[in-house]
Amino acid sequence: MYQQFNEQFAAATRQFADTAAQVNRLALDNAEAVFGLQIAAIEDRVNATFAFFGEAAEARDFDALKTLFPKGVQIARENVERAVSTGQEAFGRTLKTNEAIAELAKSQVETAAKATQANVEKATKAAAKAAAPAAK
């Protein structure tokens, strides 16, 4: 009896460890992708901003500054748009990862439920067979 229990416990523990490893892999892959996405967005926006500051530093008169104002507004708008789109993409990737993790958890619960159901049916049949001769 204890041997069977130990085997079931060991199998459940192995299954849990495998599932945890899969969840960790999914989470780390997502974190890596989101981090890379954000770094690329920051790099792009920093380059554009420093290019604008370079132009601003070269401005020598009021007319040059007047032409820089629309460029500054454009850079600021692009920075905000890129930040929003990057945030949306990161959210979307994270949502897909969470859905994959939830699906993995759901399949594990269903597998455990089926195994438990099979064990209960097996025990019920064994109990019925043991009770049948005693009832006669």
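Where an unreviewed UniProt entry is consulted, the chain appears under the name Phasin domain-containing protein, with the organism given as Lysobacter enzymogenes.

Engineer: Mind showing me how you'd approach the side chain of Arg45 here?
Structural biologist: Inspection of the secondary structure assignment puts Arg45 in helix α1 (residues 2-58). At 3.1 Å, the side chain of Arg45 and the side chain of Asn79 are in polar contact. Discounting chain neighbours no more than four positions away, the residues touching Arg45 are Ile75, Glu78, Asn79 and Arg82.

Engineer: Any chance you could explain the nonpolar core here in plain terms?
Structural biologist: One broad rule of soluble globular proteins: the nonpolar side chains tend to lie buried together. One finds Ala48, Phe52, Ala59, Leu68 and Ile75 forming the largest nonpolar core, which totals 5 residues. Among the elements of the structure, α1 and α2 (62-135) are those that each provide at least two residues to this core.

Engineer: In this structure, what is going on with the packing of aromatic side chains? I would like to understand it.
Structural biologist: Between two aromatic rings, the relevant description is the distance of the centres plus the angle of the planes. Under the definition given, this model contains 2 aromatic pairs. Aromatic pair Phe50 and Phe53: ring centres 6.4 Å apart, planes at 65°, arrangement edge-to-face. On the criterion of helical spacing, the pair formed by Phe50 and Phe53 is a turn pair, its members being 3 residues apart in helix α1. Its relative accessible area of 47% is what places Phe53 among the partly exposed residues. Residues Phe52 and Phe53 carry aromatic rings whose centres are separated by 6.0 Å and whose planes lie at 50° to one another, so their mutual orientation is tilted. Residue classification places Phe52 among the buried residues on the basis of a relative accessible area of 17%. An aromatic cluster of three or more residues is present, and its members are Phe50, Phe52 and Phe53.

Engineer: Honestly, the environment of Val23 in this entry has me stumped. Any pointers?
Structural biologist: Structurally, the position occupied by Val23 is in helix α1. According to the relative accessible area criterion, Val23 is partly exposed, its value standing at 23%. Sequence-wise, Val23 and Pro133 are 110 residues apart; in three dimensions their C-alpha atoms are separated by 50 Å. When near neighbours in sequence (up to four residues on either side) are disregarded, Val23 contacts Ile101 and Leu104.

Engineer: I tried to follow the environment of Ala48 on my own but got confused; where do I start?
Structural biologist: For Ala48, the location among the structural elements is in helix α1. Given the relative accessible area of 18%, Ala48 is considered buried. A C-alpha to C-alpha distance of 18 Å links Ala48 and Leu65, two positions 17 residues apart in sequence.

Engineer: Help me out: how do you make sense of the UniProt feature "domain: Phasin" (unreviewed entry) in the chain in this one?
Structural biologist: Per the UniProt record, "domain: Phasin" (unreviewed entry) is annotated on residues 7-109. In this annotation, residues 7-109 is assigned 97% helix and 0% strand; the end-to-end C-alpha distance for the span is 19 Å.

Engineer: Explain the side chain of Thr86 here, please?
Structural biologist: When you line up the elements, Thr86 lands in helix α2. In contact with Thr86, other than residues within four places in its own chain, are Leu37, Gln38 and Ala41.

Engineer: Where do I start with a nonpolar patch on the surface in this structure?
Structural biologist: Taken together, Phe35, Ile39, Ile42, Val46, Phe50 and Phe53 make up a surface patch of nonpolar side chains, about 620 Å² in accessible area. Exposure remark for Val46: the relative accessible area of 34% places this residue in the partly exposed category.

Engineer: Teacher, can you tell me more about the pattern of salt bridges here?
Structural biologist: Side chains carrying opposite charge are able to pair once their charged atoms draw close together. A complete count under the given rule lists 8 salt bridges for this structure. For Asp29, the salt bridge identified is with Arg25, shortest N-O distance 3.6 Å. Here Asp29 and its partner Arg25 are both found in helix α1, 4 residues apart, which amounts to about one turn of the helix. Each of the salt bridges in this network shares a partner with another, and the network as a whole consists of Asp44, Arg45, Glu78 and Arg82.

About the thresholds
- Residues numbered from 1 in each chain as written.
- Predicted model: local features only at pLDDT ≥ 70, side-chain atom pairs only at ≥ 80, totals over all residues.
- Heavy atoms only, no water.
- Helix = DSSP H or I, 4+ residues; strand = E, 2+ residues; numbered from the N terminus.
- Polar contact = N/O pair within 3.5 Å; in protein donor to acceptor, adjacent residues only side chain to side chain.
- Contact = heavy atoms within 4.5 Å.
- Core = buried A, V, L, I, M, F, W, Y, C linked by side-chain atoms within 4.5 Å.
- Buried < 20%, exposed > 50% of the residue type's maximum accessible area, 1.4 Å probe, protein only.
- Phe/Tyr/Trp six-rings, centres within 6.5 Å; stacked < 30°, edge-to-face > 60°.
- UniProt positions renumbered as here; feature names shortened; annotations may be inferred.
- Patch = residues over 30% accessible without salt bridge, like charges linked within 9 Å, V, L, I, M, F, W, Y side chains within 5 Å.
- Areas by Shrake-Rupley, 256 points an atom, 1.4 Å probe, with all protein chains shown as cover.
- Salt bridge = Lys/Arg side-chain N within 4 Å of Asp/Glu carboxyl O.

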